[in-house]
Amino acid sequence: MNEISAGTVPARKDGKIKKAFLAAFPHTIPIFAGFWFLGITYGIYMNVSGFSFWYPMLMSLTIFAGSVEFVAVNMLLGAFNPLQALAMTLMINARHLFYGLSMLDRYRGTGWKKFYLIFGMCDESFSINYSAHIPDGVDSGWFMFFVTLLNQIYWFTGATLGGIFGSLITFNTEGLDFVMTAMFVVIFMDQWLKEERHISSLLGLGISFLCLLAFGADNFIIPSMIAILGVLTFLRKPLEKGGEIS
Amino acid sequence: MTLTQQIITIAIVVLGTMLTRFLPFLLFPAGKPTPKYVRYLGKVLPPAVFGMLVIYCLKNVSIFTGSHAIPEMLSIALVVALHLWKRQMLLSIAGGTVCYMLLVQLVF
């Protein structure tokens with residue numbers, strides 16, 4: 001810290017970091033609402049399942065993948081079965097593979113921050129970091145770092161508070177979780193409005209919906225991913241010939 | 001489950017999650033040229049993934065029973081309308097969420 005605050009070059013670095021933070025923060029406000037709601041819910045759920053607040057606190061810090069953390073509660077309550085735990089985790093989180101493939105270029109050249117950017121790449125951080133328009137003069141590495149960090153802080157504090165005080169909440173929060181749906185609709189629309197052709201967007205919506213009908217809520221993600229991958233591979237020639245699609 | 005078994009279970013969930021996040025970066029490191037097919041996927045996948053995430057959020061909504069997804073459809077319509085009108089991310093999200101909360105708490 002002392003090194004950073006002394007001298008002119010580090011001072012410029014300070015300004016760069018602050019600028020990136022101020023640019024990133026507004027993008028994370030909806031996540032704050034959503035993660036506090038879901039995180040507190042998760043903390044309460046662990047609490048009523050008989051776990052002390054240490055569990056949601058440490059799990060939100062180390063796992064940081066919402067849906068699998070909820071499932072992990074059941075794993076911890078059941079019989080010890082590490083192989084099944086691994087298989088379930090890989091299935092639920094397989095969608096991260098697509099995020100990684102999409103971020104190979106964007107996370108390049110971010111230095112030491114790259115490790116944390118990948119570690120914290122949840123649905124929300126990926127979506128914002130991929131789609132947000134980062135203003136000129138703002139360092140994209142620091143911008144994405146703060147998006148990821150703020151999101152994890154929201155989730156971590158929510159889960160911890162839920163674990164400690166959860167049972168005291170009394171006002172009616174039913175439906176607040178819709179904030180996540182609304183955010184993904186907006187991100188989908190932003191993508192839609194800036195792309196020339198909507199083939200990939202429509203494929204994502206259509207295939208996932210069909211797979212949801214065919215396989216049900218708990219099993220549709222993997223078939224959706226395979227089908228999306230298959231169709232996009234099949235369409236590679238025409239899509240590449242038509243130039244940029246996103 | 002003993003405490004040790006709990007710690008092992010949580011460690012395995014952490015490991016599995018990190019595997020899904022780090023694998024593409026380990027397979028295609030920054031120093032080496034990424035295969036063309038993978039770069040193509042990196043370009044065309046995101047729009048499809050955003051579509052998949054919208055469906056993923058709605059996966060537990062039942063079209064055929066209960067409120068027949070009417071609160072969801074109305075609220076999403078409001079999000080779309082607000083966003084086409086003002087293009088203000090926070091306004092669109094807040095408007096849709098408040099609408100949904102009012103609908104499920106007071107109407108349905």
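Residues numbered from 1 in each chain as written. Chains lettered and ligands numbered in written order. Predicted model: local features only at pLDDT ≥ 70, side-chain atom pairs only at ≥ 80, totals over all residues.

**Student:** Describe the overall build of chain B, and please don't skip the residues or the numbers.
**Tutor:** The helix and strand tally for chain B stands at 4 helices and 0 strands. Counted from the first residue to the last, chain B has its helices and strands arranged as α-α-α-α. Taken against the 2.2 N^0.38 rule, which gives 13 Å for 108 residues, the C-alpha radius of gyration of chain B at 21 Å runs more than 25% over that of a compact globule. Expressed along its principal axes, the backbone C-alpha trace of chain B runs to roughly 50 × 50 × 30 Å. Counting only residues that meet the buried cut, chain B has 40% of its 108 residues in that class. (Helix = DSSP H or I, 4+ residues; strand = E, 2+ residues; numbered from the N terminus. Rg over C-alpha atoms; globule rule 2.2 N^0.38 Å. Buried ≥ 20, exposed ≤ 12 C-beta atoms within 10 Å, placed from the backbone.)

**Student:** Which residues make up the overall build of chain A, and what values go with them?
**Tutor:** Looking only at helices and strands, chain A features 13 helices and 0 strands. Element order for chain A, N to C, with α for helix and β for strand: α-α-α-α-α-α-α-α-α-α-α-α-α. Taking the contacts inside chain A whose residues are at least 6 apart along the sequence as the reference set, 75% of them involve residues at least 24 apart. (Contact = placed C-beta atoms within 7 Å.)

**Student:** I'd love a proper account of the domain arrangement of chain A, names of residues and values included.
**Tutor:** Domain annotation for chain A reports domain 1 (2–172) and domain 2 (195–246). Here the C-alpha centre of domain 2 of chain A lies 27 Å away from the C-alpha centre of domain 1 of chain A. (Domains from an automatic or database assignment.)

**Student:** Tell me about the nonpolar core, residues and numbers included.
**Tutor:** Generally speaking, a soluble globular protein has its nonpolar side chains buried in company with each other. Within the largest apolar cluster, 95 residues are counted, with the highest numbers of intra-cluster contacts made by F184, V185 and V186 of chain A together with V54 of chain B. Both domain 1 (2–172) and domain 2 (195–246) of chain A contribute no fewer than three residues apiece to this core. With residues up to four places along the chain from it excluded, the contact list for F184 of chain A reads S127 of chain A together with F50, L53, V54 and C57 of chain B. (Core = buried A, V, L, I, M, F, W, Y, C linked by C-beta atoms within 7 Å.)

**Student:** So what's going on with the confidence of the model for chain B? Residues and values would help.
**Tutor:** When pLDDT is low, close inspection of the predicted coordinates is not appropriate. Per-residue confidence for chain B gives a mean pLDDT of 91, with 100% of residues at or over 70. With a pTM of 0.81, the predicted complex shows an ipTM of 0.89. (pLDDT = per-residue confidence, 0-100.)

**Student:** Now, about the interface of chain B and chain A: what can you tell me, with residues and values included?
**Tutor:** If you look at the interface, chain B gives 59 residues, while chain A gives 70 residues. Taken together, the residues that form the side of chain B that touches chain A break down as 40 nonpolar, 16 polar and 3 charged. (Nonpolar A, V, L, I, M, F, W, Y, C, P; charged D, E, K, R; others polar.)

**Student:** Give me the lowdown on the packing of helix 11 (residues 199–215) of chain A against helix 12 (residues 221–234) of chain A, citing residues and values where you can.
**Tutor:** Residues and elements named next belong to chain A. The geometry of helix 11 relative to helix 12 is characterised by a closest axis approach of 9 Å and an angle of 140 degrees between their N-to-C directions. For the pair helix 11 and helix 12, the crossing hand works out as right-handed. Residues S200, L203, G204, I207, S208, C211 and F215 of helix 11 pack against P223, S224, A227, I228, V231 and L232 of helix 12. Counted by class, the contact of helix 11 with helix 12 contains 9 nonpolar, 4 polar and no charged residues. (Axes fitted to C-alpha atoms, helices over the stretch in contact; angles between N-to-C directions. Left-handed = near helix turned anticlockwise from the far one by under 90°.)

**Student:** Go over helix 12 of chain A, please, and point to the residues and values.
**Tutor:** Within an α-helix, residues lying three or four positions from one another point in the same direction, as the helix has 3.6 residues per turn. A rise of 1.5 Å per residue sets the reference length of helix 12 of chain A, with its 14 residues, at 20 Å; its end C-alpha atoms lie 20 Å apart and thus fit the reference within 8%. Among all positions of helix 12 of chain A, only I221, S224, M225, I228 and L232 of chain A are buried. Down the axis of helix 12 of chain A, the smallest arc covering the buried residues is 100 degrees, so these residues share one side. The outward face of helix 12 of chain A, more than 90 degrees from its buried face, is lined by the exposed residues G230, T233 and F234 of chain A. Packed against the buried residues of helix 12 of chain A are helix 6 (96–103) and helix 11 of chain A together with helix 2 (36–57) of chain B. (Expected span 1.5 Å × (residues − 1). Arc of directions from axis to C-beta.)

**Student:** Give me the confidence of the model for chain A: which residues, what numbers.
**Tutor:** With 91% of its residues at a pLDDT of at least 70, chain A reaches an overall mean of 87. A low-confidence stretch, residues 1–8 of chain A stays under pLDDT 50, and its non-local contacts, those more than four residues away or across chains, total 5 contacts.

**Student:** Residues and numbers for unusual backbone geometry, please.
**Tutor:** Of note in this structure, F64 of chain A is not a glycine but carries a positive phi near 45 degrees. Position of F64 of chain A among the secondary structure elements: in the loop between helix 3 (54–62) and helix 4 (66–77). For F64 of chain A, a count of 24 C-beta atoms within 10 Å puts it in the buried group. Residue R87 of chain B is not a glycine yet carries a positive backbone phi of 55 degrees.

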